Amino acid sequence: MNLQITNDWQAILQSELDKKYFKNLLNYLEIEYKNSICYPNKNQIFDAFNACSFADLKLVIIGQDPYHGKGQANGLCFSVSDKVTHPPSLKNIFKELKEDIGKKIPKSGDLLTWSKQGVLLLNATLTVRESEAGSHQKQGWEQFTDAVIQLISTKKENVIFLLWGGFSKKKGKNVDKNKHYILESGHPSPLSANRGYWFGNKHFSKSNTILKQLNLSEIKW
């Protein structure tokens, strides 16, 4: 399988893409996409990177797996394609957004507009088999995305990391807190949100306050 990154991430990640584990991962995906229905589409697997260049990166949101329902996953964590019903976690993200900054809940669950403003919407695992959550875990994606987070931590400064839930916090544990901003809360899934661990975190307004202090353009959530 030949996956293409179309911007400055390609050169930054090239040494990782050349490693044996990643080549093994590509061989695995070639077989998976041939023999099973997998998401997102092949041409969307790297869309988190293609939509948000390394140079423009301001903020990172870390998810776990792509959605595994038909037509949902579009390469950006928590995001779904146009006209797809909003999954529960995304509904709660939009509810918090409305409570935090007064934004009307959008009809589209496609978060591409966030990515284009410098928000990296990164899942820990970038692919999944249809109707089988976690089916592409432990094949190499986690090692790759750990390397991505480490590169951001090392090569950038003043990036805001939104770590939602235990998995995301663990994934971001090695981010240099002296160089970057870490905002943590519970996960937006109903199980966590309904127990009081998500709503009221005000991460969207807090992120924009930080960006304003850094003299950077705020995110139009």
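Look up: the structure comes first, before these words.
Everything numeric in this text was worked out from a predicted model, so none of it was measured. (Residues numbered from 1 in each chain as written. Predicted model: local features only at pLDDT ≥ 70, side-chain atom pairs only at ≥ 80, totals over all residues. Heavy atoms only, no water.)

Caption draft 1: Structural view of the packing of helix 4 (residues 88-101) against helix 9 (residues 203-213). Remark: helix 4 packs on helix 9, axes separated minimally by 8 Å, with the N-to-C direction vectors making an angle of 60°. Judged on the interaxial angle alone, helix 9 and helix 4 are oblique. Contacts from I93, E96, L97, D100 and I101 in helix 4 reach H203, F204 and S205 in helix 9. Tallied by class, residues from the contact of helix 4 with helix 9 come to four nonpolar, two polar and two charged. (Axes fitted to C-alpha atoms, helices over the stretch in contact; angles between N-to-C directions. Helix = DSSP H or I, 4+ residues; strand = E, 2+ residues; numbered from the N terminus. Parallel < 35°, antiparallel > 145°, perpendicular 65-115°, else oblique. Contact = heavy atoms within 4.5 Å. Nonpolar A, V, L, I, M, F, W, Y, C, P; charged D, E, K, R; others polar.)

Caption draft 2: Quick peek at helix 4. The end-to-end C-alpha distance of helix 4 is 20 Å, a good match for the 20 Å that 14 residues give at a rise of 1.5 Å each. All buried positions along helix 4 are accounted for by S89, L90, N92, I93, F94, E96, L97 and D100. Buried residues in helix 4 make contact with helix 5 (112-115), strand 5 (160-164), helix 8 (190-193) and helix 9. Looking one or two places after helix 4, you find G102, whose phi comes out positive at around 80°. (Expected span 1.5 Å × (residues − 1). Buried < 20%, exposed > 50% of the residue type's maximum accessible area, 1.4 Å probe, protein only.)

Caption draft 3: The arrangement of helix 1 (residues 9-17) in detail. Those residues of helix 1 that fall on the buried side of the exposure criterion are W9, L13, E16 and L17. For helix 1, the angular spread of buried residues about the axis comes to 85°, placing them on one side. Pointing more than 90 degrees away from the buried face of helix 1 are the exposed residues A11 and S15. On its buried face, helix 1 sits against helix 2 (20-35), helix 3 (47-50), strand 3 (119-123) and helix 6 (141-155). (Arc of directions from axis to C-beta.)

Caption draft 4: Representation of the nonpolar core within the structure. The biggest cluster of nonpolar side chains holds 63 residues, and the ones touching the most others in it are F46, F49, W114, L120 and F144. Looking at this core element by element, the count peaks at seven residues for helix 2. (Core = buried A, V, L, I, M, F, W, Y, C linked by side-chain atoms within 4.5 Å.)

Caption draft 5: Representation of the packing of helix 2 against helix 6 within the structure. Closest axis-to-axis distance for the helix 2/helix 6 pair is 9 Å, and the angle between their directions is 130°. With respect to each other, helix 2 and helix 6 are oriented oblique. The two elements helix 2 and helix 6 cross, and the hand of that crossing is left-handed. Contacts between helix 2 and helix 6 involve Y21, F22, L25 and L29 from the first element and W141, Q143 and F144 from the second. Partitioned by chemical class, the residues of the contact of helix 2 with helix 6 number six nonpolar, one polar and no charged. (Left-handed = near helix turned anticlockwise from the far one by under 90°.)

Caption draft 6: Examining the sheet that holds strand 3 more closely. Here four strands make up an open sheet; going across it, the order is 3-2-5-6 and the pairing parallel. The sheet is open, and its two borders are formed by strand 3 and strand 6 (181-185), each paired with just one other strand. Across the sheet, the axes of successive neighbouring strands diverge by a mean angle of 20°, strand direction being ignored. Sheet topology places strand 2 (residues 59-63) next to strand 3; five bridges connect them, and they run parallel. Residue pairing for strand 3: L59 is matched across the bridge by V119. Of the strands in this sheet, strand 2, strand 3 and strand 5 touch helix 6, which is tilted by about 155° from strand 3. (Pairing = 2+ DSSP bridges.)

Caption draft 7: Local environment of the packing of aromatic side chains. As enumerated under the stated definition, the model contains 16 aromatic pairs in all. Between Y21 and F22, the ring centres sit 6.3 Å apart and the planes meet at 90°, which makes this aromatic pair edge-to-face. F22 shares its class with Y21; the two are buried. When the ring of F204 is compared with that of W221, the centres are 4.9 Å apart and the planes differ by 75°; the resulting orientation is edge-to-face. Residue F204 is found in helix 9, and its partner W221 is found in the segment after helix 9; the two are separated by 17 residues along the sequence. Across this residue pair, the class does not change: F204 and W221 are buried. Three or more aromatic residues link up through ring pairs in this structure, and these residues are W9, Y21, F22, F46, F49, F54, W141 and F144. Taking NZ or CZ as reference, K156 lies 5.0 Å from the ring centre of F54, over its face. (Phe/Tyr/Trp six-rings, centres within 6.5 Å; stacked < 30°, edge-to-face > 60°. Lys NZ or Arg CZ within 6 Å of the ring centre and 35° of its normal.)

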